[in-house]
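Here are the chains, one letter per residue:
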Amino acid sequence: MRLDKYLKVSRLIKRRTTANEACDNGLVSVNGRVVRASYEVKVGDRISLRLGAREVTVEVLSIQETVRQADAAALYRQV
């Protein structure tokens, strides 16, 4: 699954266009590398997001095309 779509499905970022812009601006890195929105996310990847003044790092536990809002947090583990 593409990185921008994963960020939206997992509810880490609210909209896919916002996720795409964050990737284009270098605010998202995977396993220590700044990547583009088209990066294919794999289980075990560590995604770091710089959102304003805070930085969030999560580890991918699961990849699903659709998920309910209540279950979205189960897709990742905060590091």
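Residues numbered from 1 in each chain as written. Predicted model: local features only at pLDDT ≥ 70, side-chain atom pairs only at ≥ 80, totals over all residues. Heavy atoms only, no water.

*Asks:* Hey, could you run me through the overall build of the protein chain in this one?
*Replies:* Scanning the protein chain for helices and strands turns up 2 helices and 5 strands. Secondary structure elements of the protein chain occur, N-terminal to C-terminal, as α-α-β-β-β-β-β. Taken over C-alpha atoms, the radius of gyration comes to 11 Å for the protein chain, in line with the 12 Å a tight globule of 79 residues would show. Summarising its shape, the C-alpha atoms of the protein chain cover approximately 30 × 25 × 25 Å along the three principal directions. The buried share of the protein chain, reckoned over its 79 residues, is 42%. Sequence-distant contacts, at least 24 apart, represent 36% of the contacts inside the protein chain between residues at least 6 apart. When the accessible surface of the protein chain is split by element, carbon and sulfur atoms take 46% of a total near 4,900 Å². (Helix = DSSP H or I, 4+ residues; strand = E, 2+ residues; numbered from the N terminus. Rg over C-alpha atoms; globule rule 2.2 N^0.38 Å. Buried < 20%, exposed > 50% of the residue type's maximum accessible area, 1.4 Å probe, protein only. Contact = heavy atoms within 4.5 Å. Areas by Shrake-Rupley, 256 points an atom, 1.4 Å probe, with all protein chains shown as cover.)

*Asks:* Even after reading the chapter, I still don't get the side chain of E59, so can you show me in this structure?
*Replies:* If you trace the backbone, E59 turns up in strand β4 (residues 54-60). Among the polar contacts listed, one links the side chain of E59 to the side chain of R77, at a separation of 2.2 Å. (Polar contact = N/O pair within 3.5 Å; in protein donor to acceptor, adjacent residues only side chain to side chain.)

*Asks:* Would you take a moment to explain the nonpolar core for this structure?
*Replies:* A general tendency of soluble globular proteins is for nonpolar side chains to be buried together. Counting 25 residues, the largest nonpolar core has L3, Y6, L7, V28, I47 and L49 as its most contacted members. Broken down by secondary-structure element, the contributors of at least two residues to this core are α1 (3-9), α2 (16-24), β1 (28-30), β3 (46-51) and β4. The biggest single contributor to this core is α1, with 4 residues. Residues contacting L49, with those up to four places away along its chain left out, are L7, L12, I13, L27, V28, R54, E55 and V56. (Core = buried A, V, L, I, M, F, W, Y, C linked by side-chain atoms within 4.5 Å.)

*Asks:* Before we go on, may I ask you to explain the pairing of β4 in this structure?
*Replies:* Within a regular strand, the side chains alternate between the two sheet faces. The pairing of β3 with β4 spans 6 bridges and is antiparallel. Bridge assignment links I47 to a residue of β4, and that residue is V58. Taking the residues between adjacent antiparallel strands as the criterion, β3 and β4 are bridged by 2 residues, where G52 takes a positive phi near 65 degrees. One ladder, built from 3 bridges, connects β4 with strand β5 (residues 76-78); its direction is antiparallel. The residue of β5 that forms the bridge with V60 is Y76. (Pairing = 2+ DSSP bridges.)

*Asks:* Explain the pairing of β3 to me, please; I cannot follow it from the model alone.
*Replies:* The pairing of β1 with β3 spans 3 bridges and is classified as antiparallel. Looking across to β3, one finds that V30 is bridged to I47.

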